[in-house]
Amino acid sequence: MAPELTPVLSRGWLDSEPWTLAGYQRRDGYTAVKQALRMHPDEVIQLVKDSGLRGRGGAGFPTGMKWGFIPQNDGKPHYLVVNADESEPGTCKDIPFMMANPHELVEGVIIACYAIRASHAFIYVRGEVLHVLRRLQAAVREAYEAGFLGKGVLGTDFDLELTVHGGAGAYICGEETALLDSLEGKRGQPRLRPPFPAVAGLYASPTCVNNVESIGSVPAIVRNGVDWFRGMGSEKSPGFTLYSLSGHVKYPGQYEAPLGITLRELLDYAGGVRPGHRLKFWTPGGSSTPMFTEEHLDVPLDYEGVGAAGSMLGTKALQIFDETTCVVRAALRWTEFYAHESCGKCTPCREGTYWLVQILKRMEKGEGTEEDLGKLLDLCDNIVGKAFCALGDGAAAPIQSSLKYFRDEYLEHFERGGCPFDPSLSTAWADGPLSFARTSA
């Protein structure tokens, strides 16, 4: 029997106006911050450490440990920056959360800032998602008016300013140091580390950069306790998380479940693969994570399980592809994205992604040769681990994994002198009316 879905962040998504302050307070909103303010800041950090919460942005670094890196009594201002620059293909968990439940993020920001002794926080969100910017700004305004932000939060001596910042729209600004440069008004490019942001981050001051879902999970942990949180998931990957199912699945959408659930179990909730079709390949954590196939349906979707099977949990963006999809075309589309979004700072990424696109284009048309497969892998080897940031590794992952599982499909393109697939058959409307998305709430 599949684990039950656990709507925590997604609870109330189907309520009337859940994004308002009144709607959030009907769901015990802002009770956790009152509990936290009665605790010593170090106790709040320890509570988050004890919960085992790991960063939900992709790397899975322990959140409480990251908070503990911020030096205390150093006489410098401290900052919290929420990374809401969500834009990787397939990744779509933070934007619906911020649209439906922005006050849970604001409450998490207040608790985190109190813990790390920060008096100014920023939420860095993509400027293109104007509706999300407006929703966040409205929530922040309501929080100020209710006394949860500003001078003397809830009658204490804790002051907090919260700024919602719209970025100009660049994938690289999801990398934490590029985000900080962008926030300072510079061109968004990754910084050389060390020093790490906890020592010299925003304006060269100690800064904690956390993902939206990581911060949004904190109020529920404070409200319900460590044992409640650890009662879900596994020992090393405790808790709940949002899994985003998209592509060739009957009911795409957000499914909030304990870490460790499998794709087979999630597909049961999502109505399975498109009727009349079978699973061909899928990504466990967005396009930058090595793809899986049908043989991985029972891999536990937690940090250890996915890593042991040869991929990464990433952002839990599960993109499902059935047998109508050309894997060469899919790899080409992803690689075009990474070539376009390369910031150009380092040669392996800037030049390497360009040439990966050229070779894949030739292959998809059936104009390549078997030698080109070796060139592709050589190029990937010259990017992985040699680029300035993780964008290069992410660009190579779909190519390397697709060649691992579907080398024969690449060869078939050469033998036929063209792509053996009809792209129209993989479209959402190929088999009739579109299905409607749903949430786990």
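A short tour of the structure in this document, coming up.

Describing the nonpolar core
In step 1: Trp67, Leu80, Met98, Leu105 and Ile110 are the most contacted members of the largest nonpolar core, which totals 65 residues.
In step 2: It is helix H6 (residues 102–116) that contributes the most residues to this core, 10 residues altogether.
In step 3: If sequence neighbours within four positions are ignored, Ile110 has contacts with Tyr30, Val33, Phe148, Leu149, Val153, Phe158 and Leu160.
In step 4: Membership of the second largest hydrophobic core comes to 48 residues, among which are Val209, Phe281, Leu332 and Trp334.

Here we look at the sheet that holds strand S6 (residues 253–258)
In step 1: Overall, mixed pairing links the 5 strands, which are arranged S6-S5-S9-S7-S8 in an open sheet. Edge positions in the open sheet fall to S6 and strand S8 (292–293), since each of these has one partner strand only.
In step 2: Inspection of the sheet shows strand S7 (residues 279–283) paired to strand S9 (residues 317–322) by 4 bridges, in the antiparallel sense. Counted as the bridge partner of Trp282 is Ile320 from S9.
In step 3: Across the sheet, helix H14 (residues 327–341) lies against S7 and S9, angled at about 20° from S7, the strand it touches most.

A word on the pattern of salt bridges
In step 1: Under the definition given, this model contains 25 salt bridges.
In step 2: Close ionic contact of Arg264 with Asp298 constitutes a salt bridge, the shortest N to O distance being 2.7 Å. Placement of Arg264 in helix H12 (residues 263–269) and of Asp298 in the loop between S8 and helix H13 (303–308) is noted, with a sequence separation of 34 residues between them.
In step 3: Looking at Asp298, the relative accessible area reads 48%, which means it is partly exposed.
In step 4: Note that Arg416 and Glu412 form a salt bridge whose closest N and O atoms lie 3.0 Å from each other. With a gap of 4 residues between them, Arg416 and Glu412 both fall in helix H17 (residues 390–416), about one helical turn apart.

Quick word on the pairing of strand S3 (residues 161–167)
In step 1: In the sheet, strand S2 (residues 120–126) pairs with S3 via 7 bridges, with the strands oriented parallel. Looking across to S3, one finds that Tyr124 is bridged to His165.

Thoughts on the packing of aromatic side chains
In step 1: According to the stated counting rule, one finds 17 aromatic pairs in the structure shown.
In step 2: Centre to centre, the rings of Phe281 and Phe321 are 4.6 Å apart; their planes meet at 15°, and the pair counts as stacked. In this pair, Phe281 is assigned in strand S7 and Phe321 in strand S9, connecting sequence segments 40 residues apart. There is no split in this pair, since Phe281 and Phe321 are both buried.

Some points on the layout of surface pockets
In step 1: Here the largest pocket is characterised by a volume of approximately 1,400 Å³.
In step 2: If you go around the largest pocket, you meet 49 residues; those closest to its centre are Gly57, Gly58, Ala59, Gly174 and Glu175.
In step 3: Of all the secondary-structure elements, those providing two or more residues to the lining of the largest pocket are helix H9 (197–200), strand S4 (207–211) and H17.
In step 4: In terms of residue class, the lining of the largest pocket is made up of 18 nonpolar, 20 polar and 11 charged.

Re empty space enclosed by the protein
In step 1: This structure, assessed with the given rule, holds 1 cavity of 30 Å³ or more.
In step 2: What the largest cavity holds in volume is close to 40 Å³.
In step 3: As for the largest cavity, its lining consists of Ile172, Pro190, Ser342, Cys343, Gly344, Lys345, Cys346, Cys349, Phe388, Cys389 and Leu391.
In step 4: Residues of the lining of the largest cavity, tallied by class, amount to 8 nonpolar, 2 polar and 1 charged.

Brief notes about a nonpolar patch on the surface
In step 1: Where nonpolar side chains cluster on the molecular surface, the patch consists of Phe61, Met65 and Phe69 and spans about 280 Å² of accessible area.
In step 2: Looking at the secondary structure, you find Phe69 in the loop between helix H4 (63–68) and strand S1 (79–84).
In step 3: Residue class for Phe69 comes out partly exposed when judged on its relative accessible area of 46%.

What to know about helix H3 (residues 41–51)
In step 1: All buried positions along H3 are accounted for by Pro41, Val44, Ile45, Leu47, Val48 and Ser51. The buried residues of H3 occupy an angular sector of 155° when projected down its axis, which confines them to one face.
In step 2: Summarising the contacts, the buried residues of H3 are in contact with helix H2 (31–37), H4, H6, helix H10 (212–224) and helix H11 (226–230).
In step 3: Within two residues after H3, Gly52 carries a phi angle of roughly 80°, on the positive side.

Things to note about H10
In step 1: Counting buried positions along H10 gives 12 out of 13 residues, so the element sits mostly inside the fold.
In step 2: Along H10, the residues classified as buried are Val212, Glu213, Ser214, Ile215, Gly216, Ser217, Val218, Pro219, Ala220, Ile221, Val222 and Arg223.
In step 3: Between the side-chain oxygen at the start of H10 and the backbone nitrogen of Glu213 there is a gap of 2.8 Å, and the oxygen is on Asn211.
In step 4: Just downstream of H10, Gly225 is the residue with a positive phi angle, here 95°.

The rules behind each value
Residues numbered from 1 in each chain as written. Predicted model: local features only at pLDDT ≥ 70, side-chain atom pairs only at ≥ 80, totals over all residues. Heavy atoms only, no water. Core = buried A, V, L, I, M, F, W, Y, C linked by side-chain atoms within 4.5 Å. Buried < 20%, exposed > 50% of the residue type's maximum accessible area, 1.4 Å probe, protein only. Helix = DSSP H or I, 4+ residues; strand = E, 2+ residues; numbered from the N terminus. Contact = heavy atoms within 4.5 Å. Pairing = 2+ DSSP bridges. Axes fitted to C-alpha atoms, helices over the stretch in contact; angles between N-to-C directions. Salt bridge = Lys/Arg side-chain N within 4 Å of Asp/Glu carboxyl O. Phe/Tyr/Trp six-rings, centres within 6.5 Å; stacked < 30°, edge-to-face > 60°. 1 Å grid on protein atoms, 1.4 Å probe; cavity = no way out; pocket = protein on both sides within 12 Å on 5 of 7 lines; lining within 4 Å. Points joined across faces, edges and corners; volume = space filled by probe spheres on them. Nonpolar A, V, L, I, M, F, W, Y, C, P; charged D, E, K, R; others polar. Patch = residues over 30% accessible without salt bridge, like charges linked within 9 Å, V, L, I, M, F, W, Y side chains within 5 Å. Areas by Shrake-Rupley, 256 points an atom, 1.4 Å probe, with all protein chains shown as cover. Arc of directions from axis to C-beta. Polar contact = N/O pair within 3.5 Å; in protein donor to acceptor, adjacent residues only side chain to side chain.

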